[in-house]
Amino acid sequence: MVLLGLSAFDGVACTQSLYGIAVTDEDGDGYLSDVDCDDTNADIHPDATEIDGDGVDSDCDGDDDAVLPEG
Ligand SMILES: [Ca+2]
Ligand SMILES: [Ca+2]
Ligand SMILES: [Ca+2]
């Protein structure tokens, strides 16, 4: 029986030291600091629901999604 040669890449198990940059999850929201734009606030992470115009970029898209008044 021949097994396919996947053993060398059995998933990315070493996220903590990817590219030698130390990443952490300070606020314990499950998002490491390389993707978590506020790693001190568990309510803020890439999958959070953006609250328009509250002055906080909750979903880490770089935008507060503020609703501008028309006109
Ligand atoms: Ca985090
Ligand atoms: Ca966070
Ligand atoms: Ca917001």
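Quick summary incoming for the structure in this document. (Residues numbered from 1 in each chain as written. Chains lettered and ligands numbered in written order. Predicted model: local features only at pLDDT ≥ 70, side-chain atom pairs only at ≥ 80, totals over all residues.)

As a further point, take the overall build of the protein. Secondary structure summary: the protein contains 0 helices and 0 strands in total. Out of the 71 residues in the protein, the part that is buried amounts to 10%. In the protein, 0% of the contacts between residues at least 6 apart in sequence involve partners at least 24 apart. (Helix = DSSP H or I, 4+ residues; strand = E, 2+ residues; numbered from the N terminus. Buried ≥ 20, exposed ≤ 12 C-beta atoms within 10 Å, placed from the backbone. Contact = placed C-beta atoms within 7 Å.)

What follows covers unusual backbone geometry. Phi is positive for Cys-60, which is not a glycine, with a value near 60 degrees. On the basis of neighbour counts, which here come to 17 C-beta atoms within 10 Å, the residue Cys-60 falls in the partly exposed class. A positive phi angle is found at Asp-65, which is not glycine, with a value near 55 degrees. According to the C-beta neighbour criterion, Asp-65 is partly exposed, with 13 such atoms within 10 Å.

Judged by C-beta crowding, with 23 C-beta atoms within 10 Å, Asp-36 ranks as buried. Expressed as a C-alpha distance, the spacing of Asp-36 and Asp-47, which sit 11 residues apart in the sequence, is 9.6 Å. With residues near it in sequence (within four places) discarded, Asp-36 still touches Asp-29, Tyr-31 and His-45.

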